[in-house]
Amino acid sequence: TTIALSIFMIAVLATTGTVWISRSEVWSRQPEQKEFKQTQLDVSRIYADQCDQWYFSADVRPCAYGNPDAANTAVLLGDSVGAQWFPALYELFGGGDWNLILLTKGSCPIIDETFFYSQLNRNFIECDVWRNAAIDWIVQQSPEILFIGNSQVEFTQNQWIDGTKRVLDRVATEIPKVFIIRPTYALPFHGPACIARNKWQSKIIKPLINCSIPAGSEMSGRVLDWLQTAVSEYSSASIIDMNSRVCPGGVCSAIVNGKPVFRDEQHITASFARSLHGYFAEYAF
């Protein structure tokens, strides 16, 4: 009867749910799941130090690391993708003859353009106010080196070129070395989750997806061209391109040589960023 069938289906679903809960509890204790959580949390100290106020404030709050009495100063200015390079730069400028200063605001590109931020459902005005004030502060400090890092914002060609030039107009004549870090390639999937899922699936079946994709895209190539156009007018400015290190051999992978690269879809881990500090030294010195 219909009632008997309903009771049977409820019992099946209850049993299935119990089994899946039990499996999930076992899964959560597996080494790959611990690694998954650790990779997600592999971020630099700047967030614990509350250096990034995201959209909650337009106040400029520089975070200084290294030797406050050093003769030389390096500054990293950027959104969260730019800020991901802090561990690498700290290895080079976090002491001795250098003082490293970080100015970062999540989702705020260092491109002088107002943009609509979907998470706020309005223009990101705090970003404009903060960016202008941060640049003013940097110019007043007169650092020896300025690093600028952005994500691949969905701006037009003119916005990328003109917005970048308006920033460079203010800093390139005041600072001896200005480096714009090319936006990092992103993944179309969550890196740590893909690694964990593949390790779990490999115990039962062949993993259903590969945690790698061809590096780059048509848009990322265009953005590089636009940045090169903007930078070409300033003798003190140049581009740092780390994408061949993040995605070696023309392939972006969630894991390279057994080490996780990405902590989500677009940010690399602090550990991986730190490992690339030597390549930044080739540009800076």
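Provided above is the structure to which this section pertains.
So, here is what we can say about the structure in this document. Here the residue index of a chain counts from 1 through its sequence in written order. Under the rules for a predicted model, residues below a pLDDT of 70 receive no local features and side-chain atom pairs below 80 are neither given nor counted, while totals for whole chains, interfaces and linings still include all residues. With hydrogens and water stripped out, all remaining heavy atoms of the structure feed into the side-chain values.

**Remarks on the sheet that holds strand β9 (residues 237-240)**
- Two strands qualify as a pair provided that DSSP identifies no fewer than 2 bridges between them. Put simply, DSSP marks the helices as runs of H or I at least four residues long and the strands as runs of E at least two long, and each gets a number from the N terminus on. As summarised here, the arrangement of the six strands in space is β1-β3-β2-β6-β7-β9, forming an open sheet in which the pairing is mixed. Two strands lie at the open edges of the sheet, namely β1 (63-66) and β9, each paired on one side alone. Strand-to-strand twist of the sheet, defined as the mean angle between neighbouring strand axes without regard to direction, takes the value 20°.
- Here strand β2 (residues 72-78) runs beside strand β3 (residues 98-104); their pairing, made up of seven bridges, is parallel. Counted as the bridge partner of Leu-77 is Leu-103 from β3.
- By the convention used here, residues are in contact when the closest approach between their heavy atoms is within 4.5 Å. Orientation is described by axes fitted as lines to C-alpha atoms, over the contacting stretch for helices, and by angles from 0 to 180 degrees between their N-to-C directions. Sitting on the sheet, helix α4 (residues 86-93) touches β1, β2, β3 and β6 (145-149), and the angle it makes with β3 is about 160°.

**Here we look at the state of the cysteines**
- Put simply, a disulfide is two cysteine sulfurs that come within 2.5 Å. All chains considered together, the criterion is met by four disulfides.
- Across the disulfide, Cys-51 is cross-linked to Cys-63 (sulfur-sulfur distance 2.0 Å). Taking the torsion about the S-S bond as the criterion, the Cys-51 to Cys-63 disulfide, at about -110°, is left-handed. Within this pair, whereas Cys-51 is found in the loop between α2 (31-40) and β1, its partner Cys-63 is found in strand β1, the two being separated by twelve residues in sequence.
- The exposure class of Cys-51 is buried, given its relative accessible area of 3%.
- The buried label applies to any residue whose accessible area, calculated with a 1.4 Å probe on protein chains only, is under 20% of its type's maximum; exposed applies above 50%, and partly exposed to all values in between. Since its relative accessible area comes to 11%, Cys-63 is described here as buried.

**Observations concerning the packing of aromatic side chains**
- Put simply, two rings from Phe, Tyr or Trp (the six-membered ring, in Trp's case) pair if the centres are within 6.5 Å, and we call them stacked under 30 degrees between planes, edge-to-face over 60, tilted for the rest. Considering all chains together, one arrives at 18 aromatic pairs under this definition.
- Arranged with centres 4.6 Å apart and planes meeting at 65°, the rings of Trp-54 and Tyr-55 form a pair that is edge-to-face.
- Consider the rings of Phe-93 and Phe-147, whose centres lie 5.8 Å apart with planes at 50°: the pair is tilted. Residue Phe-93 is found in helix α4, and its partner Phe-147 is found in strand β6; the two are separated by 54 residues along the sequence. A single burial state applies to Phe-93 and to Phe-147, both of which are buried.
- Here a set of aromatic residues connected by ring pairs shows up, and it is made of Trp-85, Phe-93, Trp-98, Phe-147, Phe-179, Phe-280 and Phe-285.
- In this arrangement the basic side chain of Arg-45 is found over the ring face of Tyr-90, its NZ or CZ atom lying 6.0 Å from the centre. A ring is considered to have a charge above it if a Lys NZ or an Arg CZ atom is located within 6 Å of its centre and within 35 degrees of its normal.

**Description of the packing of helix α5 (residues 125-141) against helix α6 (residues 157-171)**
- Contact geometry for α5 and α6: axes closest at 10 Å, N-to-C directions at 30°. Taken together, α5 and α6 sit at an angle that is classed as roughly parallel. Residues Asn-132, Ile-135, Asp-136 and Val-139 of α5 form the contact with α6, whose participating residues are Val-167, Arg-170 and Val-171.
- In this classification, the charged set is Asp, Glu, Lys and Arg, the nonpolar set is Ala, Val, Leu, Ile, Met, Phe, Trp, Tyr, Cys and Pro, and all remaining amino acids, among them Gly, are polar. Residues that form the contact of α5 with α6 fall into these classes: four nonpolar, one polar and two charged. When an angle is under 35 degrees it counts as roughly parallel; over 145 it counts as roughly antiparallel; between 65 and 115 it counts as roughly perpendicular; any other value is oblique.

**A look at α5**
- Compared with an ideal rise of 1.5 Å per residue, which puts 17 residues at 24 Å, α5 spans 25 Å between its outermost C-alpha atoms and is within 8% of the ideal.
- Looking only at α5, the buried set comprises Glu-126, Cys-127, Asp-128, Trp-130, Arg-131, Ala-134, Ile-135 and Ile-138.
- The elements touched by buried residues of α5 are β2, β3, β5 (122-123), β6 and α6.
- Once α5 finishes, Ser-142 follows within two positions and takes phi at roughly 50°, a positive value. Helix span is expected to be 1.5 Å times the residue number reduced by one.

**Let's talk about the side chain of Thr-164**
- Position of Thr-164 relative to the elements: it lies in helix α6.
- With near-sequence residues (within four places) excluded, Thr-164 lies in contact with Ile-111, Gln-159, Ile-180, Leu-227 and Ala-230.

**Some details on the pattern of salt bridges**
- We count a salt bridge whenever a side-chain nitrogen from Lys or Arg sits within 4 Å of a carboxyl oxygen from Asp or Glu. By the definition in use, this model includes twelve salt bridges.
- Among the salt bridges present, the one from Arg-166 reaches Asp-112, with a minimum N-O distance of 3.4 Å. Taken together, the positions of Arg-166 in helix α6 and Asp-112 in the loop between β3 and β4 (116-117) put the pair 54 residues apart, joining distant regions of the chain.
- A relative accessible area of 33% places Arg-166 in the partly exposed class.
- For Arg-170, the salt bridge identified is with Asp-136, shortest N-O distance 2.7 Å. One end of the pair, Arg-170, is in helix α6; the other, Asp-136, is in helix α5, with 34 residues separating them in the sequence.

**A short note on unusual backbone geometry**
- Even without a glycine there, the phi angle at Asn-121 is positive, about 60°.
- Locating Asn-121 in the fold gives a position in the loop between β4 and β5.

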